[in-house]
Amino acid sequence: MSTNLTDRGSTRPRGATDDHPLARTILIALGACFIVLFLVLPLVTVFAQALKNGVAAAMDSIVEPDALSAIKLTVIAAGIAVPLNVAFGLSASWAISKFDFRGKSFLITLIDLPFSVSPVVSGLVYVLIFGMQGWFGPYLREHDIKIIFALPGIVLATMFVTFPFVARELIPLMTDQGRDEEEAATSLGASGWKTFRRVTLPNVKWALLYGVLLCNARAMGEFGAVSVVSGHIRGQTNTMPLHIEVLYNDYQFVAAFAVASLLALLALVTLAVKSFLEWHYADEIAAIHKH
Amino acid sequence: MSLVVESIAKRFDRFPALKGVSFSAPKGCFLALLGPSGSGKTTLLRILGGLEFAEAGRVKFEDIDWLSLPARDRRAGFVFQQYALFRHMTIAKNIAFGLEVRGRRHRPTRAEIARRVEELLSLVQLEGLGKRYPSQLSGGQRQRVALARALAIEPRMLLLDEPFGALDAKVRKELRHWLRHIHDKTGITTVFVTHDQEEAMELADLVAILNQGSIEQIGTPADIRRAPASEFVADFIDSNAQVRPDPVVAIFEPRSARG
């Protein structure tokens, strides 16, 4: 018996947590198939469709005036919504993680609300409040202020949908870091603002950056909520995702995919920047997390 | 008497943490607040540091109404059990922090700050480690950095919250003597929280023993040993005074006695 065992023992004995080699192969193959089918292939298709009639055709549909206006609007909307959400997200996480107050858990739930509400509903809410028939409709019309079917509405809808990204990144980290360092800074004579700028903020800068990247990617890609408040006026209130939909519905597939590949590129750049930063500052990030 | 604490009271929710604590201590004194966990000693220390607020009572320190000063104007150097070093700053930056955050008119020059940092690094015997980050130091080293950082602001009062609680016994003993040495050198009024009676009795000029939010006794270690004011005090200073019997020996001894 023992000789039998040693004969079979030519292969390395399996570790306690190792699976059967066959099971391992099947699982890895399944995982790889899934990734290729659902993640890589769609991404490749976007670029392939865009470049079907050559680079020039794709470029034409990007520099065409309506497309340019959509790109511009998207950048402006994100450019307003993201900094505001950074400010709100940072203050909310600071309040939640460093102080005790009544209604704290309610506030946390409230911050998560945009994740659980359908974007279309969040868009409709703004139409109901600021639209012609809405609560403030008559007042806004009297004073000639346009919110719905204009930039302010698009910014509001984008902000609502992307609100949780920054706060969600920061709250767990800041809660984990506790208040000791802030207390130490105060006892050393630092004012509240100096404590925040020199101690709190540097301790969360990587999580904050990650939150900003995610928030920005989502802000530029948001479709549902923006679709409701934008009014789809070509060359005026169409953002990139809306413009893509219009082109697609007009059977202009190459043009649609050309603009779509810009958005996809944004996602890839976001990921690349994040990975690069994580790799480049690995030591510093590790020093902040372990203590 | 330089530090006078008068009937300080504090509750957390409805649980009384301090029930009217009063005592006084002379200038430059090394005072230990000794007691079991939950006795209110850390709360009292945090009130002195301005990190917690008393509901009633007064504190006078060097004839200042101490509690009316906000924490950042007290110049009370606070040392935390878990060090609370700024993890994203080098050791030198940590030590310099209290000087660098001063208003422009009171801030020393850059060269002066650098000189102070070097001085403090050598005082806490960490020369040459200024460029390291806290995560690259051992626990004992980190606590010495924390003390240097607290000393950098030339504190009027030094407050230490179980500073050696997270360290192993050998390092504890070393740092204990070293802390007393630094206190004697600087002469800063020091309040030290501990639950280790041996530490308190060995280090302090005055020991205040707290139990359930009240002071049971305050006096010199010799006085307390000679005449414990209550059964609790006698018990508390006695219970871990003698070397505890080794549990393994305790199990095996009766049998060997029988045999």
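Rules used in this analysis
Residues numbered from 1 in each chain as written. Chains lettered and ligands numbered in written order. Predicted model: local features only at pLDDT ≥ 70, side-chain atom pairs only at ≥ 80, totals over all residues. Heavy atoms only, no water. Pairing = 2+ DSSP bridges. Helix = DSSP H or I, 4+ residues; strand = E, 2+ residues; numbered from the N terminus. Axes fitted to C-alpha atoms, helices over the stretch in contact; angles between N-to-C directions. Contact = heavy atoms within 4.5 Å. Buried < 20%, exposed > 50% of the residue type's maximum accessible area, 1.4 Å probe, protein only. Right-handed = clockwise from strand over helix to strand, strands pointing away. Parallel < 35°, antiparallel > 145°, perpendicular 65-115°, else oblique. Left-handed = near helix turned anticlockwise from the far one by under 90°. Nonpolar A, V, L, I, M, F, W, Y, C, P; charged D, E, K, R; others polar. 1 Å grid on protein atoms, 1.4 Å probe; cavity = no way out; pocket = protein on both sides within 12 Å on 5 of 7 lines; lining within 4 Å. Points joined across faces, edges and corners; volume = space filled by probe spheres on them. Buried area = accessible area lost by both parts, 1.4 Å probe. Salt bridge = Lys/Arg side-chain N within 4 Å of Asp/Glu carboxyl O. Polar contact = N/O pair within 3.5 Å; in protein donor to acceptor, adjacent residues only side chain to side chain.

Residues and elements named next belong to chain B. Taken together, six strands build an open sheet; the order of strands is β6-β7-β8-β3-β9-β10 and the sheet is mixed. Of all strands in the sheet, those bounded by a partner on one side alone are β6 (76-79) and β10 (214-219). Strand-to-strand twist across the sheet, computed as the mean angle between neighbouring axes with direction ignored, equals 15°. Two elements, strand β3 (residues 30-34) and strand β9 (residues 206-211), share four bridges in a ladder whose sense is parallel. Residue alanine 32 lies in a different strand from β9, and its bridge partner there is valine 207. Together, β6 and β7 (157-161) form the strand contacts of helix α4 (residues 139-152), whose direction differs from that of β6 by roughly 170°. Lying on the sheet, helix α5 (residues 169-186) is in contact with β3, β7 and β8 (189-194); it crosses β3 at an angle near 140°.

Let us now look at the pairing of β8(B). Taken residue by residue, a regular strand's side chains alternate between the two faces of the sheet. All names here are of chain B. Counting buried positions along β8 gives six out of six residues, so the element sits mostly inside the fold. Neither face of β8 is open: one carries Thr189, Val191 and Val193, the other Thr190, Phe192 and Thr194, and all of them are buried. Pairing between β3 and β8: five bridges, direction parallel. When the bridges of β8 are listed, leucine 31 appears paired with valine 191. Note: β7 against β8, five bridges, orientation parallel. Bridging across to β8, leucine 158 finds its partner in threonine 190. For the segment spanning β7, α5 and β8, crossover handedness is right-handed.

We now examine the environment of A:Ala167. Mapped onto the elements, A:Ala167 comes out in helix α8 (residues 151-177). Those residues within four positions of A:Ala167 in sequence are excluded, and the remaining contacts are A:Gly89, A:Ser93, A:Ile111 and A:Pro172.

Another point: the packing of helix α4 (residues 65-98) of chain A against helix α10 (residues 192-221) of chain A. All names here are of chain A. Contact geometry for α4 and α10: axes closest at 9 Å, N-to-C directions at 140°. Put simply, α4 runs oblique to α10. α10 is crossed by α4, and the crossing has right-handed handedness. Taken together, the residues of α10 that come into contact with α4 (itself represented by Thr74, Val75, Ala78, Val82, Asn85, Val86, Leu90, Trp94 and Lys98) are Phe196, Thr200, Leu201, Leu208, Val212, Cys215, Asn216, Ala219 and Met220. Taken together, the residues of the contact of α4 with α10 sort by class into 13 nonpolar, four polar and one charged.

Time to look at the layout of surface pockets. The gaps of empty space that remain are located by a probe, the size of a water molecule, rolled over the atoms. Looking at the largest pocket, its volume works out to about 520 Å³. Around the largest pocket sit 25 residues that line it, and A:Phe99, A:Glu182, A:Glu183, A:Thr186 and B:Leu51 are the ones nearest its centre. Of all the secondary-structure elements, those providing two or more residues to the lining of the largest pocket are α4, α9 (180-187) and α10 of chain A. Sorting elements by how many residues they give to the lining of the largest pocket places α10(A) first, with four residues. When its residues are assigned to classes, the lining of the largest pocket shows 10 nonpolar, six polar and nine charged.

The subject of this paragraph is the interface of chain A and chain B. The interface is formed by 22 residues belonging to chain A together with 26 residues belonging to chain B. Roughly 2,300 Å² of surface becomes buried between chain A and chain B when both sides are summed, with 60% attributable to carbon and sulfur atoms. Run the count over chain A and chain B and you get three salt bridges. The salt bridge involving B:Arg87 is made with A:Glu181; its shortest N-O contact spans 2.6 Å. Inspection of the region where chain A meets chain B yields six residue pairs in polar contact (both at pLDDT 80 or more). Elements represented by at least two residues in the side of chain A that touches chain B include exactly α9, α10 and α14 (282-289) of chain A. When residues of the side of chain A that touches chain B are assigned to their parent elements, the largest contribution, seven residues, is made by α9(A). Residue composition of the side of chain A that touches chain B, grouped by class: eight nonpolar, eight polar and six charged.

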